[in-house]
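# Reading the structure
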Amino acid sequence: MRAGVKTAANLVMQGAADDAATQAVALSSWENHPDDAQVTLSRKYMCGITVVDLSVLCDSLKAPAVFVVIQATTTWFPPFSFGEFSLSRELSQQQVIRVR
């Protein structure tokens, strides 16, 4: 899972702009990923601490800062049943990259 997120982060930092392709490469670098494994990329545009639309200029007439949020998720299932440890758990890994 971490390898997939790291791969996506490295691609984004190197200038990758095709989020769908980055997601596909990240998922393929996640060795032995479960069937429900997912890697998603989303972009967040911010003026200071305020989330804005891409078309909005900040107060200083500058373009907003752009952050790419990389999220990997899957469900972990225990290898055997034993009391409270028999429950499945959702696992996730997230990394945020500022690209502008």
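Let us look at the structure shown here. These numbers come from a predicted model, not from an experiment. (Residues numbered from 1 in each chain as written. Predicted model: local features only at pLDDT ≥ 70, side-chain atom pairs only at ≥ 80, totals over all residues. Heavy atoms only, no water.)

### A few points about the environment of Thr40
- Along the chain, the position of Thr40 falls in strand S1 (residues 38–47).
- Here Thr40 falls in the partly exposed class, since its relative accessible area comes to 35%.
- Separated by 21 residues in the primary sequence, Thr40 and Asp19 have C-alpha atoms spaced 8.4 Å apart.
- Beyond its immediate sequence surroundings of up to four residues, Thr40 is in contact with Gln23, Val69, Ile70 and Gln71. (Helix = DSSP H or I, 4+ residues; strand = E, 2+ residues; numbered from the N terminus. Buried < 20%, exposed > 50% of the residue type's maximum accessible area, 1.4 Å probe, protein only. Contact = heavy atoms within 4.5 Å.)

### Looking at the state of the cysteines
- One pass over the structure, following the stated rule, counts 1 disulfide.
- Note on cysteine connectivity: Cys47 is disulfide-linked to Cys58, with sulfurs 2.0 Å apart. On the S-S bond that ties Cys47 to Cys58, the torsion sits near -85°, and the link is left-handed. Taken as a pair, Cys47 in strand S1 and Cys58 in the loop between strand S2 (50–52) and strand S3 (65–76) lie far apart in primary sequence, 11 residues in all.
- Since its relative accessible area comes to 17%, Cys47 is described here as buried. (Disulfide = S-S within 2.5 Å.)

### Describing the sheet that holds S2
- Spatially, 4 strands are ordered S2-S1-S3-S4 in an open sheet, and the strand pairing comes out antiparallel. Of all strands in the sheet, those with a lone pairing partner are S2 and strand S4 (89–98), marking the two edges. Taking each pair of neighbouring strands and ignoring which way they run, the sheet shows an average axis angle of 40°.
- Here S1 pairs with S3 via 9 bridges, running antiparallel. Residue pairing across strands places Arg43 opposite Val68, the latter belonging to S3.
- Helix H1 (residues 2–13) rests against S1, S3 and S4 of the sheet, and its axis sits at about 15° to S4. (Pairing = 2+ DSSP bridges. Axes fitted to C-alpha atoms, helices over the stretch in contact; angles between N-to-C directions.)

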